[in-house]
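The residues making up each chain are set out below.
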Amino acid sequence: MTHLHQDAVIIGGGFYGAAIAVYLVKQKGFKHVVLIEREAALLTRASYNNQARVHNGYHYPRSFTTAYRSRINFPKFVRDWPQAINQDFTKLYAISRRNSKVTSRQFERFCREIGVEFRAADPVLRTLFEPRLIESVYVVNEYAFDTLKLASWAARELAENGVSVRCNTHALTISKGRETPLQVGVRTNSGTEQLIQSRYVFNCTYSGLNQFAGDFSGIQSSLKQEITEMALMKMPDSLCGLGVTVMDGPFFSIMPFPARGLHTLSHVRYTPHQHWCDQPDLDPYEKLRSYHKASRVERMVRDVARYMPDVWRATYQESLFEIKTVLAKNESDDGRPILFERHTTLPGCYSILGGKIDNIYDVLERLNEVV
Ligand SMILES: Cc1cc2nc3c(=O)[nH]c(=O)nc-3n(C[C@H](O)[C@H](O)[C@H](O)COP(=O)(O)OP(=O)(O)OC[C@H]3O[C@@H](n4cnc5c(N)ncnc54)[C@H](O)[C@@H]3O)c2cc1C
(Lines give C-alpha, C1' and ligand atoms only; values in the text may rest on other atoms or scores of the structure.)
Protein backbone atom coordinates (compact mmCIF):
# COMPACT_ATOMS: atom_id res chain seq x y z
CA MET A 1 0.00 0.00 0.00
CA THR A 2 1.23 3.51 -0.83
CA HIS A 3 0.19 6.73 0.89
CA LEU A 4 -0.70 10.09 -0.47
CA HIS A 5 -1.74 13.31 1.26
CA GLN A 6 -4.54 15.39 -0.20
CA ASP A 7 -6.52 18.50 0.70
CA ALA A 8 -9.64 16.81 -0.58
CA VAL A 9 -10.70 13.49 -2.03
CA ILE A 10 -13.80 13.64 -4.18
CA ILE A 11 -15.42 10.26 -4.69
CA GLY A 12 -17.53 10.12 -7.85
CA GLY A 13 -16.65 11.65 -11.21
CA GLY A 14 -20.13 12.69 -12.28
CA PHE A 15 -21.14 16.30 -12.89
CA TYR A 16 -21.27 17.00 -9.15
CA GLY A 17 -17.89 15.49 -8.27
CA ALA A 18 -16.24 17.31 -11.16
CA ALA A 19 -17.88 20.68 -10.44
CA ILE A 20 -17.03 20.43 -6.72
CA ALA A 21 -13.39 19.53 -7.44
CA VAL A 22 -13.03 22.52 -9.77
CA TYR A 23 -14.73 24.81 -7.23
CA LEU A 24 -12.41 23.75 -4.41
CA VAL A 25 -9.33 24.58 -6.47
CA LYS A 26 -10.60 27.75 -8.11
CA GLN A 27 -12.59 29.34 -5.29
CA LYS A 28 -11.06 27.83 -2.16
CA GLY A 29 -7.43 27.59 -3.22
CA PHE A 30 -7.07 23.85 -2.57
CA LYS A 31 -3.80 22.61 -4.03
CA HIS A 32 -4.06 18.84 -3.87
CA VAL A 33 -7.38 17.44 -4.96
CA VAL A 34 -7.96 13.93 -6.23
CA LEU A 35 -11.12 12.72 -7.97
CA ILE A 36 -11.90 8.99 -7.82
CA GLU A 37 -14.18 7.41 -10.44
CA ARG A 38 -14.93 3.73 -10.78
CA GLU A 39 -15.89 3.90 -14.44
CA ALA A 40 -13.40 4.28 -17.29
CA ALA A 41 -14.41 7.91 -17.95
CA LEU A 42 -16.06 10.89 -16.26
CA LEU A 43 -19.80 11.67 -16.47
CA THR A 44 -20.79 8.30 -17.84
CA ARG A 45 -23.44 7.35 -15.27
CA ALA A 46 -26.45 9.46 -14.19
CA SER A 47 -24.76 12.57 -15.58
CA TYR A 48 -24.96 10.98 -19.03
CA ASN A 49 -28.05 8.77 -18.73
CA ASN A 50 -30.71 11.38 -18.03
CA GLN A 51 -33.41 13.38 -19.70
CA ALA A 52 -31.07 16.33 -20.31
CA ARG A 53 -33.66 18.83 -19.18
CA VAL A 54 -32.37 22.14 -17.85
CA HIS A 55 -35.16 22.65 -15.39
CA ASN A 56 -36.81 26.04 -15.19
CA GLY A 57 -39.50 25.11 -12.69
CA TYR A 58 -42.40 23.98 -14.92
CA HIS A 59 -41.91 20.35 -14.05
CA TYR A 60 -42.65 20.74 -10.33
CA PRO A 61 -46.15 22.13 -9.76
CA ARG A 62 -46.37 19.99 -6.61
CA SER A 63 -43.21 21.37 -5.05
CA PHE A 64 -43.07 25.14 -5.02
CA THR A 65 -39.57 25.28 -3.48
CA THR A 66 -38.04 22.99 -6.09
CA ALA A 67 -39.82 24.87 -8.88
CA TYR A 68 -38.73 28.24 -7.55
CA ARG A 69 -35.09 27.20 -7.01
CA SER A 70 -35.02 25.84 -10.60
CA ARG A 71 -36.33 29.08 -11.94
CA ILE A 72 -33.59 30.97 -10.03
CA ASN A 73 -30.82 28.57 -11.07
CA PHE A 74 -31.87 28.21 -14.71
CA PRO A 75 -30.36 31.48 -16.02
CA LYS A 76 -27.18 30.89 -14.04
CA PHE A 77 -26.75 27.43 -15.55
CA VAL A 78 -27.35 28.77 -19.05
CA ARG A 79 -24.78 31.51 -18.38
CA ASP A 80 -22.13 29.21 -16.89
CA TRP A 81 -22.38 26.26 -19.30
CA PRO A 82 -23.36 27.97 -22.58
CA GLN A 83 -21.46 25.45 -24.70
CA ALA A 84 -23.58 22.60 -23.30
CA ILE A 85 -26.97 24.26 -23.74
CA ASN A 86 -29.30 23.39 -26.59
CA GLN A 87 -32.11 25.90 -27.16
CA ASP A 88 -32.75 24.79 -30.65
CA PHE A 89 -36.22 23.34 -30.13
CA THR A 90 -39.70 24.38 -29.04
CA LYS A 91 -40.64 23.12 -25.63
CA LEU A 92 -44.27 22.28 -24.97
CA TYR A 93 -46.02 21.46 -21.74
CA ALA A 94 -49.45 19.92 -22.16
CA ILE A 95 -52.14 19.25 -19.57
CA SER A 96 -54.11 16.04 -19.74
CA ARG A 97 -57.89 16.20 -19.38
CA ARG A 98 -57.97 13.06 -17.26
CA ASN A 99 -55.95 11.74 -14.33
CA SER A 100 -53.91 14.93 -14.06
CA LYS A 101 -52.85 16.22 -10.68
CA VAL A 102 -52.92 19.73 -12.10
CA THR A 103 -55.51 21.57 -14.18
CA SER A 104 -54.69 24.15 -16.84
CA ARG A 105 -55.77 26.98 -14.55
CA GLN A 106 -53.65 25.67 -11.72
CA PHE A 107 -50.64 25.26 -14.03
CA GLU A 108 -50.99 28.81 -15.31
CA ARG A 109 -51.30 30.20 -11.80
CA PHE A 110 -48.29 28.19 -10.68
CA CYS A 111 -46.20 29.53 -13.61
CA ARG A 112 -47.15 33.08 -12.66
CA GLU A 113 -46.28 32.43 -9.03
CA ILE A 114 -42.78 31.18 -9.78
CA GLY A 115 -42.36 33.86 -12.47
CA VAL A 116 -41.80 31.76 -15.61
CA GLU A 117 -43.07 32.59 -19.07
CA PHE A 118 -45.66 30.56 -20.92
CA ARG A 119 -48.04 31.10 -23.80
CA ALA A 120 -50.75 29.04 -25.42
CA ALA A 121 -49.37 27.00 -28.31
CA ASP A 122 -50.56 27.99 -31.75
CA PRO A 123 -53.11 25.80 -33.55
CA VAL A 124 -50.50 24.05 -35.73
CA LEU A 125 -48.74 22.71 -32.67
CA ARG A 126 -52.04 21.82 -31.03
CA THR A 127 -52.94 19.56 -33.93
CA LEU A 128 -50.13 17.24 -32.86
CA PHE A 129 -52.18 16.35 -29.78
CA GLU A 130 -55.40 14.37 -29.46
CA PRO A 131 -57.90 17.04 -28.32
CA ARG A 132 -60.10 14.57 -26.44
CA LEU A 133 -57.20 13.75 -24.13
CA ILE A 134 -55.26 17.00 -23.97
CA GLU A 135 -56.83 20.07 -22.42
CA SER A 136 -54.19 22.69 -23.16
CA VAL A 137 -50.74 23.07 -24.67
CA TYR A 138 -48.21 25.76 -23.71
CA VAL A 139 -44.95 26.92 -25.22
CA VAL A 140 -42.44 27.42 -22.40
CA ASN A 141 -38.80 28.33 -21.81
CA GLU A 142 -36.96 25.14 -21.10
CA TYR A 143 -33.72 23.88 -22.67
CA ALA A 144 -31.72 20.69 -22.96
CA PHE A 145 -28.08 20.10 -22.06
CA ASP A 146 -25.57 18.09 -24.01
CA THR A 147 -24.17 15.54 -21.60
CA LEU A 148 -21.05 14.96 -23.73
CA LYS A 149 -20.27 18.66 -23.75
CA LEU A 150 -20.58 18.73 -19.96
CA ALA A 151 -18.14 15.81 -19.86
CA SER A 152 -15.67 17.69 -22.10
CA TRP A 153 -16.00 20.73 -19.89
CA ALA A 154 -15.25 18.59 -16.82
CA ALA A 155 -12.18 16.92 -18.34
CA ARG A 156 -10.75 20.25 -19.48
CA GLU A 157 -11.41 22.18 -16.25
CA LEU A 158 -10.10 19.41 -14.03
CA ALA A 159 -6.89 19.19 -16.07
CA GLU A 160 -6.41 22.97 -16.15
CA ASN A 161 -6.90 23.21 -12.41
CA GLY A 162 -4.50 20.40 -11.62
CA VAL A 163 -7.03 17.96 -10.16
CA SER A 164 -5.69 14.43 -10.22
CA VAL A 165 -8.36 12.30 -11.90
CA ARG A 166 -8.27 8.57 -11.30
CA CYS A 167 -10.71 6.60 -13.38
CA ASN A 168 -11.13 2.82 -13.16
CA THR A 169 -10.69 3.24 -9.42
CA HIS A 170 -13.23 2.13 -6.85
CA ALA A 171 -13.36 3.85 -3.43
CA LEU A 172 -14.15 1.15 -0.88
CA THR A 173 -13.62 2.63 2.57
CA ILE A 174 -13.84 5.99 4.32
CA SER A 175 -12.20 6.07 7.76
CA LYS A 176 -10.51 8.27 10.29
CA GLY A 177 -6.93 8.85 9.22
CA ARG A 178 -3.71 8.61 11.19
CA GLU A 179 -1.82 11.61 9.85
CA THR A 180 -4.77 13.52 8.41
CA PRO A 181 -8.38 13.53 9.66
CA LEU A 182 -9.60 11.11 6.99
CA GLN A 183 -8.45 8.35 4.71
CA VAL A 184 -10.05 6.72 1.70
CA GLY A 185 -9.22 3.17 0.66
CA VAL A 186 -9.29 2.65 -3.08
CA ARG A 187 -8.70 -0.24 -5.45
CA THR A 188 -7.92 0.12 -9.13
CA ASN A 189 -9.37 -2.22 -11.74
CA SER A 190 -5.98 -3.88 -11.97
CA GLY A 191 -6.14 -4.67 -8.26
CA THR A 192 -3.73 -2.09 -6.82
CA GLU A 193 -4.87 -0.86 -3.40
CA GLN A 194 -4.05 2.47 -1.84
CA LEU A 195 -4.96 4.54 1.19
CA ILE A 196 -5.35 8.23 0.40
CA GLN A 197 -4.97 10.57 3.37
CA SER A 198 -7.02 13.73 3.24
CA ARG A 199 -8.34 16.70 5.16
CA TYR A 200 -11.74 16.51 3.43
CA VAL A 201 -13.74 13.79 1.70
CA PHE A 202 -16.71 14.58 -0.52
CA ASN A 203 -18.88 11.59 -1.28
CA CYS A 204 -20.53 12.48 -4.61
CA THR A 205 -21.41 8.95 -5.67
CA TYR A 206 -25.15 9.48 -6.37
CA SER A 207 -26.48 5.89 -6.30
CA GLY A 208 -23.45 4.68 -4.33
CA LEU A 209 -23.73 7.09 -1.37
CA ASN A 210 -24.12 4.29 1.18
CA GLN A 211 -21.72 1.76 -0.28
CA PHE A 212 -18.65 2.30 1.91
CA ALA A 213 -16.96 0.24 4.58
CA GLY A 214 -14.50 1.53 7.20
CA ASP A 215 -15.73 4.05 9.78
CA PHE A 216 -18.42 5.34 7.43
CA SER A 217 -21.80 4.62 8.96
CA GLY A 218 -23.99 5.66 6.03
CA ILE A 219 -26.12 8.70 5.43
CA GLN A 220 -29.01 9.70 7.67
CA SER A 221 -31.60 10.41 4.97
CA SER A 222 -33.45 7.52 3.34
CA LEU A 223 -32.90 7.07 -0.36
CA LYS A 224 -35.12 5.51 -2.97
CA GLN A 225 -33.30 3.67 -5.75
CA GLU A 226 -35.02 3.05 -9.04
CA ILE A 227 -33.96 1.19 -12.17
CA THR A 228 -35.06 3.47 -15.01
CA GLU A 229 -35.36 3.10 -18.75
CA MET A 230 -35.46 5.91 -21.25
CA ALA A 231 -35.90 4.98 -24.89
CA LEU A 232 -33.71 6.78 -27.43
CA MET A 233 -35.90 7.51 -30.45
CA LYS A 234 -35.50 9.03 -33.86
CA MET A 235 -38.54 11.28 -34.10
CA PRO A 236 -40.47 11.93 -37.32
CA ASP A 237 -40.02 15.37 -38.90
CA SER A 238 -43.18 16.73 -37.26
CA LEU A 239 -41.73 16.12 -33.76
CA CYS A 240 -38.03 16.64 -34.44
CA GLY A 241 -37.84 20.26 -33.34
CA LEU A 242 -39.92 19.72 -30.21
CA GLY A 243 -39.70 18.71 -26.58
CA VAL A 244 -42.97 17.66 -24.96
CA THR A 245 -44.00 17.03 -21.38
CA VAL A 246 -47.52 16.05 -20.42
CA MET A 247 -48.43 16.94 -16.85
CA ASP A 248 -48.91 15.87 -14.11
CA GLY A 249 -49.36 12.21 -13.37
CA PRO A 250 -48.98 8.95 -15.31
CA PHE A 251 -47.87 10.65 -18.52
CA PHE A 252 -44.67 11.13 -20.50
CA SER A 253 -41.87 13.32 -21.76
CA ILE A 254 -40.14 13.55 -25.09
CA MET A 255 -36.90 15.47 -24.77
CA PRO A 256 -34.08 16.19 -27.20
CA PHE A 257 -30.95 14.26 -26.23
CA PRO A 258 -28.29 16.43 -27.85
CA ALA A 259 -25.40 14.06 -27.10
CA ARG A 260 -26.85 11.59 -29.62
CA GLY A 261 -28.92 13.84 -31.88
CA LEU A 262 -31.99 11.83 -30.82
CA HIS A 263 -34.88 12.21 -28.38
CA THR A 264 -35.48 10.37 -25.14
CA LEU A 265 -38.93 9.00 -24.50
CA SER A 266 -39.80 8.43 -20.87
CA HIS A 267 -43.06 7.47 -19.28
CA VAL A 268 -44.04 7.85 -15.65
CA ARG A 269 -45.56 4.37 -15.68
CA TYR A 270 -42.96 2.46 -17.70
CA THR A 271 -39.65 4.23 -17.15
CA PRO A 272 -39.27 3.01 -13.55
CA HIS A 273 -38.75 -0.76 -13.78
CA GLN A 274 -38.02 -1.53 -10.18
CA HIS A 275 -37.42 0.36 -6.97
CA TRP A 276 -36.18 -0.31 -3.49
CA CYS A 277 -35.13 1.44 -0.33
CA ASP A 278 -31.37 1.95 -0.37
CA GLN A 279 -29.34 -0.32 1.92
CA PRO A 280 -25.61 -0.44 2.58
CA ASP A 281 -25.35 -4.12 1.62
CA LEU A 282 -27.21 -3.80 -1.68
CA ASP A 283 -24.98 -2.20 -4.32
CA PRO A 284 -27.31 -0.46 -6.82
CA TYR A 285 -24.69 -0.57 -9.57
CA GLU A 286 -24.41 -4.34 -9.21
CA LYS A 287 -28.16 -4.66 -9.17
CA LEU A 288 -28.46 -2.75 -12.43
CA ARG A 289 -25.61 -4.73 -13.99
CA SER A 290 -27.37 -8.02 -13.37
CA TYR A 291 -30.84 -6.73 -14.30
CA HIS A 292 -32.31 -8.28 -17.47
CA LYS A 293 -33.01 -4.86 -19.10
CA ALA A 294 -35.95 -5.95 -21.22
CA SER A 295 -37.22 -2.81 -22.91
CA ARG A 296 -40.71 -1.47 -22.35
CA VAL A 297 -40.54 0.86 -25.31
CA GLU A 298 -43.53 -0.73 -27.04
CA ARG A 299 -45.75 -0.02 -24.07
CA MET A 300 -44.42 3.52 -23.87
CA VAL A 301 -45.09 4.19 -27.54
CA ARG A 302 -48.56 2.64 -27.40
CA ASP A 303 -49.64 4.91 -24.59
CA VAL A 304 -47.87 8.07 -25.80
CA ALA A 305 -49.35 7.70 -29.30
CA ARG A 306 -52.84 7.97 -27.83
CA TYR A 307 -51.94 11.57 -26.94
CA MET A 308 -49.64 12.28 -29.89
CA PRO A 309 -50.39 9.97 -32.84
CA ASP A 310 -47.22 11.01 -34.74
CA VAL A 311 -45.19 9.05 -32.19
CA TRP A 312 -46.17 5.89 -34.10
CA ARG A 313 -43.75 7.08 -36.76
CA ALA A 314 -40.79 7.39 -34.35
CA THR A 315 -38.11 4.70 -34.62
CA TYR A 316 -36.56 3.10 -31.59
CA GLN A 317 -32.76 3.05 -31.38
CA GLU A 318 -31.86 1.70 -27.96
CA SER A 319 -32.55 2.29 -24.28
CA LEU A 320 -30.59 4.04 -21.60
CA PHE A 321 -30.89 2.13 -18.36
CA GLU A 322 -29.70 3.85 -15.21
CA ILE A 323 -30.30 3.95 -11.49
CA LYS A 324 -32.18 7.01 -10.38
CA THR A 325 -31.57 7.99 -6.78
CA VAL A 326 -33.93 10.32 -4.97
CA LEU A 327 -34.66 11.24 -1.38
CA ALA A 328 -37.42 8.99 -0.07
CA LYS A 329 -39.13 11.98 1.57
CA ASN A 330 -39.93 13.43 -1.88
CA GLU A 331 -41.89 10.41 -3.04
CA SER A 332 -45.23 12.24 -3.03
CA ASP A 333 -44.34 15.81 -4.05
CA ASP A 334 -41.63 14.90 -6.60
CA GLY A 335 -39.47 17.67 -5.10
CA ARG A 336 -35.71 17.60 -5.69
CA PRO A 337 -33.96 19.34 -2.81
CA ILE A 338 -30.25 18.67 -2.40
CA LEU A 339 -28.78 16.40 0.23
CA PHE A 340 -25.71 17.84 1.89
CA GLU A 341 -24.85 15.73 4.92
CA ARG A 342 -22.02 16.27 7.34
CA HIS A 343 -20.81 13.07 8.98
CA THR A 344 -20.36 13.98 12.63
CA THR A 345 -18.22 10.95 13.44
CA LEU A 346 -15.95 11.68 10.48
CA PRO A 347 -15.25 15.42 10.63
CA GLY A 348 -14.49 16.78 7.16
CA CYS A 349 -16.54 14.10 5.40
CA TYR A 350 -19.67 15.17 3.51
CA SER A 351 -22.17 13.24 1.39
CA ILE A 352 -23.81 15.17 -1.43
CA LEU A 353 -26.73 14.38 -3.73
CA GLY A 354 -27.62 17.09 -6.20
CA GLY A 355 -30.85 15.50 -7.47
CA LYS A 356 -30.82 17.42 -10.72
CA ILE A 357 -28.16 19.26 -12.63
CA ASP A 358 -29.17 22.87 -11.94
CA ASN A 359 -29.03 22.22 -8.18
CA ILE A 360 -25.27 22.67 -8.44
CA TYR A 361 -25.70 26.25 -7.21
CA ASP A 362 -27.47 25.13 -4.04
CA VAL A 363 -24.68 22.61 -3.43
CA LEU A 364 -21.89 25.14 -3.98
CA GLU A 365 -23.62 27.55 -1.62
CA ARG A 366 -23.54 24.92 1.14
CA LEU A 367 -19.99 23.96 0.28
CA ASN A 368 -18.93 27.56 0.62
CA GLU A 369 -20.33 27.60 4.16
CA VAL A 370 -18.49 24.49 5.36
CA VAL A 371 -15.08 24.79 3.70
C1 LIG B 1 -33.49 8.61 -15.70
C2 LIG B 1 -32.97 9.93 -15.17
C3 LIG B 1 -33.42 11.12 -15.70
C4 LIG B 1 -32.95 12.33 -15.19
N5 LIG B 1 -33.33 13.49 -15.80
C6 LIG B 1 -32.77 14.66 -15.41
C7 LIG B 1 -33.05 15.86 -16.11
O8 LIG B 1 -33.73 15.87 -17.12
N9 LIG B 1 -32.49 17.01 -15.66
C10 LIG B 1 -31.69 17.03 -14.55
O11 LIG B 1 -31.22 18.11 -14.17
N12 LIG B 1 -31.41 15.91 -13.86
C13 LIG B 1 -31.90 14.72 -14.28
N14 LIG B 1 -31.59 13.57 -13.63
C15 LIG B 1 -30.75 13.65 -12.44
C16 LIG B 1 -29.29 13.89 -12.82
O17 LIG B 1 -28.92 12.96 -13.80
C18 LIG B 1 -28.46 13.75 -11.59
O19 LIG B 1 -28.89 14.63 -10.59
C20 LIG B 1 -27.00 14.08 -11.84
O21 LIG B 1 -26.51 13.50 -13.01
C22 LIG B 1 -26.23 13.57 -10.67
O23 LIG B 1 -24.87 13.82 -10.86
P24 LIG B 1 -23.87 13.09 -9.91
O25 LIG B 1 -22.53 13.57 -10.25
O26 LIG B 1 -24.34 13.23 -8.51
O27 LIG B 1 -24.09 11.53 -10.27
P28 LIG B 1 -23.35 10.61 -11.35
O29 LIG B 1 -23.23 11.26 -12.64
O30 LIG B 1 -24.02 9.28 -11.30
O31 LIG B 1 -21.92 10.49 -10.74
C32 LIG B 1 -21.61 9.67 -9.64
C33 LIG B 1 -20.35 8.93 -10.02
O34 LIG B 1 -19.85 8.24 -8.89
C35 LIG B 1 -19.23 7.05 -9.35
N36 LIG B 1 -19.11 6.16 -8.19
C37 LIG B 1 -20.12 5.64 -7.46
N38 LIG B 1 -19.62 4.93 -6.43
C39 LIG B 1 -18.27 5.02 -6.52
C40 LIG B 1 -17.20 4.52 -5.73
N41 LIG B 1 -17.43 3.79 -4.63
N42 LIG B 1 -15.94 4.78 -6.11
C43 LIG B 1 -15.69 5.52 -7.21
N44 LIG B 1 -16.67 6.04 -7.99
C45 LIG B 1 -17.94 5.80 -7.63
C46 LIG B 1 -20.19 6.57 -10.43
O47 LIG B 1 -19.55 5.68 -11.30
C48 LIG B 1 -20.60 7.87 -11.08
O49 LIG B 1 -19.83 8.18 -12.21
C50 LIG B 1 -32.03 12.34 -14.11
C51 LIG B 1 -31.56 11.14 -13.60
C52 LIG B 1 -31.99 9.93 -14.13
C53 LIG B 1 -31.42 8.66 -13.60
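These figures come from a predicted structure and were not determined experimentally.

Another aspect to go through is the nonpolar core. Phe 15, Ile 20, Phe 77 and Phe 202 are the most contacted members of the largest nonpolar core, which has 53 residues in total. Here this core takes ten residues from helix 1 (residues 15–26), the largest share from any one element. Those residues in contact with Phe 15, other than ones at most four positions away along the chain, are Leu 43, Ser 47, Phe 77, Trp 81, Leu 150, Trp 153, Ile 357 and Ile 360. Counting 30 residues, the second largest nonpolar core, distinct from the first, contains Val 139, Ala 231, Met 233 and Val 297.

Time to look at the side chain of Lys 91. Considering the arrangement of structural elements, one finds Lys 91 in strand 5 (residues 90–96). Using a relative accessible area of 1% as the deciding quantity, one classes Lys 91 as buried. Polar contacts involving the side chain of Lys 91 include one to the side chain of Thr 245, which spans 2.7 Å. In this view, Lys 91 contacts Arg 53, Tyr 138, Val 139, Val 140, Glu 142, Gly 243, Val 244, Thr 245, Ile 254 and Met 255; residues no more than four positions away in its chain are not counted.

Right, let's get into unusual backbone geometry. In the segment running from Met 247 into Asp 248, the intervening peptide bond is cis, with an omega of -20°. Here Asp 248 is to be found in the loop between strand 15 (242–247) and strand 16 (252–257). Positive phi outside glycine occurs at Tyr 206, with the angle close to 55°. Looking at where Tyr 206 falls in the secondary structure, it is placed in the loop between strand 12 (193–203) and strand 13 (213–214). Positive phi, normally seen in glycine, also occurs at Asp 334, with a value near 65°. On the secondary structure map, Asp 334 appears in the loop between strand 19 (315–327) and strand 20 (339–342).

Where helix 2 (residues 64–80) contacts helix 3 (residues 104–114), the two axes come as close as 10 Å, and the packing angle between them is 55°. By the angle class used here, helix 2 and helix 3 are oblique. Judged by the sense of rotation from one axis to the other, the crossing of helix 2 with helix 3 is right-handed. On the side of helix 2, the interface is formed by Phe 64, Ala 67, Tyr 68 and Arg 71, while helix 3 contributes Phe 110, Glu 113 and Ile 114. Among the residues forming the contact of helix 2 with helix 3, the class breakdown is five nonpolar, no polar and two charged.

Turning to the pattern of salt bridges, a few remarks are in order. The final tally for this structure, using the stated rule, is 22 salt bridges. Residue Asp 362 pairs with Arg 69 through a salt bridge whose shortest N-O separation is 2.8 Å. Of the two residues, Asp 362 sits in helix 9 (residues 360–370) while Arg 69 sits in helix 2, which places them 293 residues apart along the sequence. We classify Asp 362 as buried; its relative accessible area is 15%. Two residues, Glu 331 and Lys 224, come together in a salt bridge whose shortest N-O distance is 2.9 Å. Of the two residues, Glu 331 sits in the loop between strand 19 and strand 20 while Lys 224 sits in strand 14 (residues 223–234), which places them 107 residues apart along the sequence. Among the ionic contacts, a cluster of salt bridges with common partners joins Glu 39, Arg 45 and Glu 322.

Our next topic: the UniProt feature "domain: FAD dependent oxidoreductase" (unreviewed entry) in the protein chain. Here, UniProt's "domain: FAD dependent oxidoreductase" (unreviewed entry) annotation points to residues 7–317. The span residues 7–317 carries 25% helix and 33% strand; its end-to-end C-alpha distance comes to 44 Å.

Glu 37, Ser 47, Arg 53, Ala 171 and Ile 357 are the nearest of the 34 residues found near the ligand. A distance of 3.2 Å separates an oxygen atom of the ligand from a polar atom in the backbone of Phe 15. Within the contact set of the ligand, a nitrogen atom lies 3.1 Å away from a backbone nitrogen or oxygen of Gln 51. Expressed as a share of its isolated accessible area of 1,000 Å², the protein-covered part of the ligand is 98%. When contributions to the shell around the ligand are tallied by element, the ones reaching two or more residues are helix 1, strand 10 (169–176), strand 14 and strand 19. Here the shell around the ligand is composed, by residue class, of 14 nonpolar, 13 polar and seven charged.

Turning to helix 9, its buried residues are Ile 360, Tyr 361, Asp 362, Val 363, Leu 364 and Leu 367. Those residues of helix 9 that are buried are in contact with helix 1, helix 2, strand 12, strand 20 and strand 21 (349–353).

Conventions used here
Residues numbered from 1 in each chain as written. Predicted model: local features only at pLDDT ≥ 70, side-chain atom pairs only at ≥ 80, totals over all residues. Heavy atoms only, no water. Core = buried A, V, L, I, M, F, W, Y, C linked by side-chain atoms within 4.5 Å. Buried < 20%, exposed > 50% of the residue type's maximum accessible area, 1.4 Å probe, protein only. Helix = DSSP H or I, 4+ residues; strand = E, 2+ residues; numbered from the N terminus. Contact = heavy atoms within 4.5 Å. Polar contact = N/O pair within 3.5 Å; in protein donor to acceptor, adjacent residues only side chain to side chain. Axes fitted to C-alpha atoms, helices over the stretch in contact; angles between N-to-C directions. Parallel < 35°, antiparallel > 145°, perpendicular 65-115°, else oblique. Left-handed = near helix turned anticlockwise from the far one by under 90°. Nonpolar A, V, L, I, M, F, W, Y, C, P; charged D, E, K, R; others polar. Salt bridge = Lys/Arg side-chain N within 4 Å of Asp/Glu carboxyl O. UniProt positions renumbered as here; feature names shortened; annotations may be inferred. Near = heavy atom within 4 Å. Areas by Shrake-Rupley, 256 points an atom, 1.4 Å probe, with all protein chains shown as cover.

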